[in-house]
Structure formats: C-alpha cells, structure tokens
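# An overview of the molecular structure
Listed below, chain by chain, are the residues.
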Amino acid sequence: MKILITGGAGFIGSNFVHYWLEKHPEDKITVLDKLTYAGNLENLEPVKDKISFIKVDICDEEAVEKAINGIDTIVHFAAESHVDRSITGPDEFIRTNILGTHVLLKAALKNGIKKFHHVSTDEVFGQIPLESNEQWTETSPYNPRSPYAASKAASDHLVRAYFTTYGLPITITNCSNNFGPYHFPEKFIPLAITNILEGKKIPLYKPGNQVRDWLHVKDHCRAIDLVLQGGKAGETYLVGSQHKEYTNLDVAKMICAFLGVSEDMMEFVGDRPGHDVKYAIDASKIKNELGWQPEFEFEQWLKATVDWYKQNQVWWKRIKSGEYQEYYQQQYSKK
Ligand code: NAD
Ligand code: DAU
C-alpha cells in the first residue's frame, strides 16, 4: 500500500504513523502536514527515516495534486481540531476542515485513489442531555453546535457526496475523545497533567460535570486499520469506548491522585460558550462487522499517559514555552 497520511504530525496522525509502521512495515508512508501550531515533527522523530514527509497545506490544490501522484490510499486527519480556538477564530476551521477536505477529495477523484478514509468526530451529533442514557449510532441526526463541529459535519457531508455522486471509494469514522502520547497540551487531559507538573492548577470549566467518552488513541488507530482492511466503501463507523461515565471532575481528581497532589490543585474557570455536556457512542456496528473492541482500559491508561508526560517533559515544555503561551493567557484570563 502507498499511503498518504494528512495531518500526520499532529496527535492522532502521528500515533497512527507509529501504529501503521509497526503493523504494516511493508507499506510506504508519506506524511503531508502544514505544520500549524499543532503539528510537530518531533512526534515523528523516532520513525523519520522510515517515512517521507512533505510540508503542504491541504488547501493548496497544486501541491496536493503533486503529493497524491503514485498514492493508492489516503487517511485524512489534517484539521483544525480545538473547539475553544474555533470559538475565538472560526475562519481557519472553515478553510482547512471544509475547503481543505474538498481539495483533497477533488485530487483523490482525479487521481483514481482506491481508498479515501476520512477521520471525523462524534461532535457532529451535538450533545446528549446529562441525565439521558442515549448513545449515538451511525443513523443519529447531525446537530453540530460549535464552529469546529459544524466544519467537521460539513466535511463529512462532502466526503459522502463524493461517494454518492462520483463513486469515490470513501469510508468515515466518527470517534469520541482520544487520549494518549503526543496529545497537544491545550486539550483537557494533557493540559491538566502538564499544569500540575508545572505547579499550576487544573482549569475546570464550570461546573465540571460534563462527560466525555475517552478512548485511548491506539484503540482509535486500530479501528481505522480495520475499516481500511474490511470496511465497505460509502460506509460510516462510530468508534467509542463504552466504559463507565467519567465527568471532567472525576478525570481531574484521578490526575491529581496519580501525581500525588491535593485536589486544591483544581480550579473552576468560566465555561466554554455552547459547551456540549455529554458525548456517548454505541460502537456496535464496528464491533459486529469488523470485530473491533477497545483494548485499553481508561484508568490504567490514564495513569500510563500521566507517566508518559512525566517522562517526556522536554517535548511538552518546548510546546508550552512557544506561541501557546499567548493563547493560554487569552483563554484563561476570563474567570
Ligand atoms: P491535531 O490538532 O493534534 O493535529 C492536526 C494536524 O493537522 C496537525 O499536525 C496540523 O499541522 C495539521 N494541519 C492543520 N491544518 C492543516 C492544513 N491546512 N494542511 C495540512 N495540515 C494541516 O488534531 P488531532 O487531535 O490529532 O485530530 C486529528 C483528526 O482527528 C482531526 O480531523 C479531528 O477532527 C479528528 N478527531 C480528533 C479527536 C480527538 O479526540 N483529538 C477525536 C475524533 C476525531
Ligand atoms: O469528541 C471528540 C473531540 O474531542 C474531537 O473532535 C476534538 O478535536 C477534541 O479536541 C475533543 O474535543 P473536546 O472539546 O471534548 O476536548 P477538550 O480536551 O477541549 O475538552 C474536554 C472536556 O474538558 C470538555 O468538556 C471541556 C473540558 N475542559 C477543557 C479544557 C481545555 C475543561 O474543563 N477545561 C479546559 O481547560
């Protein structure tokens, strides 16, 4: 397989590159990434001699066409991915997530790509009331509530339209919240861990009772692998952990306990506008059709993730000392 991985220098994309090289060492991997603030070549440092890397913006039609030449499979991760940034600056989300995805689709069609896998999110479905036991399935209606979620929803619709209209062999996964190594420290779990390691408090959006369906990033990578191997063209698969529910407060308390600090190291800050209170996924389709099961138990692997951040302080300190500082000041000055 000659596989092009867009966004392969980001969190999930780089984990996918590591995963794929281990499972399918015979394949040729090209990583295409614009290296925005969230893209980091250090994530690929251990495997840099085994892959090709090109610094390209997915909105650049000419460069994308050139990059696709000779490729048979595209796994599309590249996106603006942080909900809070989409609230303060939606333009880049519309450009990359919608227009960029469309540029890739056009180039894929023109070049006869055999498989186009689009990596999407459960946020396209909106939110579930806290007291409800509902879980989303592949037939749940779309109801995105943030500019990020709306841009991903639009990209999903475009990807499906290219299957229905032009027969491009696409598949889509909509996955829940990932955690694990190389997670950018603006997202809740790595932010909480690295703040404590720096002697700072964990900022919890009030009232801290929101629920996320946390899945280890390696379980997500394996789900995409199974879809690439056995998924049917045109189909969508939902991916989620289905473990017991943890509120953000529960997760913050666990992180404090793993790091041996008092719960006074948590502080409530102003809530995110339009904050989705709960996500939950019914992953029966991918389980029944492709035999996928999550393998990484949440509490054990949250502890392993805490240990990873303890052992890789150079990696996240370099990130936190750069442009991210400015963003942090803006985001958390409004208590
Ligand atoms: P990330 O922000 O860590 O990485 C995104 C990568 O895309 C970065 O390397 C960045 O440089 C690159 N990129 C951004 N704009 C680009 C452009 N215009 N051209 C080329 N490259 C560009 O994101 P992530 O958390 O790894 O998410 C990857 C994908 O998975 C996204 O599509 C996201 O919507 C989806 N997803 C994420 C989660 C999650 O919990 N993080 C869950 C479900 C789905
Ligand atoms: O569900 C999948 C989505 O998960 C992905 O599509 C997104 O790309 C990814 O960023 C993630 O979105 P969330 O908004 O759920 O993740 P985030 O880590 O930003 O927030 C997780 C929860 O923690 C959420 O309820 C908001 C809360 N939070 C977040 C931050 C950054 C806080 O309480 N404090 C914070 O400082």
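On to the confidence of the model for the protein. The pLDDT averaged across the protein works out to 97; a share of 99% of its residues lies at or above 70. Averaged pLDDT values for the elements of the protein fall to 78 in helix 12 (residues 324-332) and rise to 99 in strand 5 (residues 115-121).

Relative to the helices and strands, Ile128 is located in the loop between strand 5 and helix 5 (147-166). For Ile128, a relative accessible area of 0% puts it in the buried group.

Turning our eyes to something else, we now look at the layout of surface pockets. A volume near 290 Å³ is recorded for the largest pocket. Surrounding the largest pocket, Asn15, His18, Tyr19, Glu22, Lys23, Pro46, Tyr182, Lys218, Arg222, Glu295 and Phe296 form its lining. For the lining of the largest pocket, the secondary structure elements donating two or more residues are helix 1 (11-23) and helix 7 (217-230). Looking at side-chain class alone, the lining of the largest pocket contains four nonpolar, two polar and five charged residues.

With that settled, consider helix 1. For helix 1, built from 13 residues, the straight-helix expectation of 18 Å at 1.5 Å per residue is met to within 8% by its first-to-last C-alpha distance of 19 Å. Counting buried positions along helix 1 yields 10 of 13 residues, so the element is predominantly enclosed. Regarding helix 1, the residues found buried are Phe11, Ile12, Gly13, Ser14, Asn15, Phe16, Val17, Tyr19, Trp20 and Leu21. Structurally, helix 1 contributes buried residues whose contacts are with strand 1 (2-6), strand 2 (28-33), strand 4 (73-76), strand 7 (178-179) and helix 7.

Within the secondary structure, Glu123 sits in the loop between strand 5 and helix 5. For Glu123, a relative accessible area of 8% translates into the label buried. Taking the C-alpha atoms as reference, Glu123 lies 29 Å from Leu21; in sequence the two are 102 residues apart. Contacts of Glu123, omitting those with residues within four sequence positions, involve Val83, Pro144, Ser146, Tyr148, Ala149, Asp276 and Tyr279.

Across the two faces of strand 4 the burial is the same, with Thr73 and Val75 and Ile74 and His76 all buried. Sheet topology places strand 1 next to strand 4; four bridges connect them, and they run parallel. Bridge pairing in strand 4 links Thr6 to His76. Here strand 4 runs beside strand 5; their pairing, made up of four bridges, is parallel. By the bridge assignment, Thr73 is partnered in strand 5 with Lys115.

Turning our attention to the pattern of salt bridges. By the definition in use, this model includes 19 salt bridges. Of the charged contacts, one joins Glu198 and Lys320 as a salt bridge, the two residues approaching to 3.0 Å between their closest N and O atoms. Of this pair, Glu198 sits in the loop between helix 6 (188-197) and strand 8 (202-205) while Lys320 is found in helix 11 (residues 313-320), placing the two residues 122 residues apart along the sequence. Using a relative accessible area of 31% as the deciding quantity, one classes Glu198 as partly exposed. Here the salt bridges share partners, and the residues they tie into one network are Lys34, Asp57, Glu92 and Arg95.

With that settled, the discussion passes to the site of ligand 2. Among the 25 residues in the neighbourhood of ligand 2, the closest are listed as Asp122, Tyr148, Arg212, Arg272 and Tyr332. Between ligand 2 and Tyr205, the relevant distance is 2.8 Å, taken from an oxygen atom to a main-chain nitrogen or oxygen of the residue. Bound to the protein, ligand 2 loses 95% of the 690 Å² it would expose on its own. Sorting the residues of the shell around ligand 2 by element identifies helix 3 (83-88), helix 6 and strand 8 as the ones contributing at least two each. Sort the elements by how many residues they give to the shell around ligand 2 and strand 8 lands first, with three residues.

Cut-offs used in this document
- Numbering of residues starts from 1 in every chain and runs along the sequence as written.
- Chain letters and ligand numbers both follow the written order, the letters beginning at A and the numbers at 1.
- In view of the model being predicted, local features appear only for residues whose pLDDT reaches at least 70, and side-chain atom pairs are presented and counted only at 80 or more, with totals across whole chains, interfaces and linings using the full set of residues.
- The basis for every side-chain value is the complete set of heavy atoms in the structure, and neither hydrogens nor water enter the calculation.
- The quantity called pLDDT is the predictor's confidence in a given residue, expressed from 0 to 100.
- Strands here mean DSSP runs of E at least two residues long; helices mean DSSP runs of H or I at least four residues long; both are numbered from the N terminus.
- Type-normalised accessible area, obtained with a 1.4 Å probe on protein chains alone, sets the label of each residue: buried when under 20%, exposed when over 50%, and partly exposed for intermediate values.
- A pocket here means an open set of points on a 1 Å grid, computed over the protein atoms alone, that has protein on both sides within 12 Å along at least five of seven lines. A cavity is instead a set of points where a 1.4 Å probe fits but cannot get out; residues with an atom within 4 Å of a point line either one.
- Grid points are joined across faces, edges and corners, and a volume is the space filled by probe spheres set on the points.
- All residues other than Ala, Val, Leu, Ile, Met, Phe, Trp, Tyr, Cys, Pro, Asp, Glu, Lys and Arg, Gly among them, are scored as polar; the first ten of these are nonpolar and the last four charged.
- The span expected for a helix works out to 1.5 Å for each residue beyond the first.
- Pairs of residues are marked as contacts when any of their non-hydrogen atoms sit within 4.5 Å.
- Here, strands pair whenever DSSP counts at least two bridges between them.
- Here a salt bridge means any side-chain nitrogen of Lys or Arg lying within 4 Å of a carboxyl oxygen belonging to Asp or Glu.
- The nearness test applies per residue and asks whether one of its heavy atoms lies within 4 Å of the molecule or strand.
- Polar contact criterion, stated in full: a pair of N or O atoms within 3.5 Å, where within protein one must be able to donate a hydrogen and the other to accept it, and residues adjacent in sequence count only if both atoms are side-chain atoms.
- Each accessible area is a Shrake-Rupley result for a 1.4 Å probe, and residues are judged covered by the shown protein chains and nothing else.

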